[in-house]
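What follows is the residue order along each chain.
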Amino acid sequence: MAMMNDDAIDVGTGDVFKDLGFADAQERRLRTELAMRLNDLIKERKLTQTAAAEIFGIAQSHVSELRNFKLRRFSSERLLHFITQLDKDVEIIIRPKARDHAAGSVSILVAT
């Protein structure tokens, strides 16, 4: 007789923060995406944590937190400011929500 496995698999929404029940899931996802792009820029410019800290005007230990996605001390606005300090323009476009979305959403596109 075959044993039945009672463990059900829950299909996620694609947003880990929402799936974990965070009330501020969209803000957490935005900060994580911004930090990913910021870390990519730091890597592309071959900046040390010390050099990045000097550019951003923060302690090196805070850059370490950023590199490890410990983002409590960083608002979206502050992360956007860091991106501009690495000689990048940030453009925000507000448009009608997509028909297939229940609510408006925030996304990040990187132009090359």
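See the structure shown above.
Computed from a predicted model, the values in this text were never measured in an experiment.

Draft legend 1. Main features of a nonpolar patch on the surface. Taken together, Val 90, Ile 92 and Ile 94 make up a surface patch of nonpolar side chains, about 350 Å² in accessible area. Position of Ile 94 among the secondary structure elements: in the segment after helix 5 (76–85).

Draft legend 2. Layout of the packing of helix 3 (residues 49–56) against helix 4 (residues 60–67). Running from N to C, helix 3 and helix 4 cross one another at 105°; their axes reach a closest spacing of 8 Å. When the axes of helix 3 and helix 4 are compared, the pair comes out roughly perpendicular. Where helix 3 approaches helix 4, its residues Gln 49, Thr 50, Ala 52, Ala 53 and Phe 56 are matched on the opposing element by Gln 60, Val 63, Ser 64, Leu 66 and Arg 67. Split into classes, the residues belonging to the contact of helix 3 with helix 4 amount to 5 nonpolar, 4 polar and 1 charged.

Draft legend 3. Broad picture of helix 5. Every buried residue of helix 5 is accounted for by Ser 76, Leu 79, Phe 82 and Ile 83. All buried residues of helix 5 project into a common sector of 120° when viewed along the axis, lining one side. Summarising the contacts, the buried residues of helix 5 are in contact with helix 2 (25–44), helix 3 and helix 4. Two residues or fewer after helix 5 comes Asp 87, characterised by a positive phi angle close to 65°.

What counts, and at which threshold
- Residues numbered from 1 in each chain as written.
- Predicted model: local features only at pLDDT ≥ 70, side-chain atom pairs only at ≥ 80, totals over all residues.
- Heavy atoms only, no water.
- Patch = residues over 30% accessible without salt bridge, like charges linked within 9 Å, V, L, I, M, F, W, Y side chains within 5 Å.
- Areas by Shrake-Rupley, 256 points an atom, 1.4 Å probe, with all protein chains shown as cover.
- Salt bridge = Lys/Arg side-chain N within 4 Å of Asp/Glu carboxyl O.
- Helix = DSSP H or I, 4+ residues; strand = E, 2+ residues; numbered from the N terminus.
- Axes fitted to C-alpha atoms, helices over the stretch in contact; angles between N-to-C directions.
- Parallel < 35°, antiparallel > 145°, perpendicular 65-115°, else oblique.
- Contact = heavy atoms within 4.5 Å.
- Nonpolar A, V, L, I, M, F, W, Y, C, P; charged D, E, K, R; others polar.
- Buried < 20%, exposed > 50% of the residue type's maximum accessible area, 1.4 Å probe, protein only.
- Arc of directions from axis to C-beta.

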